[in-house]
Amino acid sequence: MTRFSIRPLIAAAALAALTVPAFAEAGTPWDLKADMGYAYGKDGKTHAYKMGTSNAALLLKGAKKVPKGTLFFLGQNGQLYMRKGPYLNDDGSFVFGPE
């Protein structure tokens, strides 16, 4: 009869538990689409709008490109903020993480 050892199972579970925090720190990509507009309304809520192309010139008038390396976040007061500059450590972890 084959003897079953629980040690490999415990070792695998411990290894999996140690790797979970590394996955939790990775950023999740936004799913922004070219035919959608995203707004942060005067009421402090976010909205998504289906856009057309007939008024694209009007839409781009006065618009500014968001620089790469920009972080968006909500403050404790519910206000949307943006911050330019580094937000990742050299190892790819988030500078402003929970630790």
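A brief structural summary.

Thresholds applied
Residues numbered from 1 in each chain as written. Predicted model: local features only at pLDDT ≥ 70, side-chain atom pairs only at ≥ 80, totals over all residues. Heavy atoms only, no water. Patch = residues over 30% accessible without salt bridge, like charges linked within 9 Å, V, L, I, M, F, W, Y side chains within 5 Å. Areas by Shrake-Rupley, 256 points an atom, 1.4 Å probe, with all protein chains shown as cover. Salt bridge = Lys/Arg side-chain N within 4 Å of Asp/Glu carboxyl O. Helix = DSSP H or I, 4+ residues; strand = E, 2+ residues; numbered from the N terminus. Buried < 20%, exposed > 50% of the residue type's maximum accessible area, 1.4 Å probe, protein only. Polar contact = N/O pair within 3.5 Å; in protein donor to acceptor, adjacent residues only side chain to side chain.

## Observations regarding a nonpolar patch on the surface
Residues Trp30, Leu32, Tyr38, Val66, Phe72, Leu74, Leu80 and Met82 make up a contiguous nonpolar surface patch of roughly 840 Å² in combined accessible area. Elements with a minimum of two residues in the nonpolar patch: β3 (70-74) and β4 (80-84). Along the polypeptide, Leu32 turns up in the loop between α1 (7-25) and β1 (36-40). A relative accessible area of 51% places Leu32 in the exposed class.

## Regarding the side chain of Thr70
With respect to the helices and strands, Thr70 occurs in strand β3. Owing to a relative accessible area of 12%, Thr70 belongs among the buried residues under this scheme. Here Pro67 takes part through its backbone oxygen, which lies 2.5 Å from a polar atom of the side chain of Thr70.

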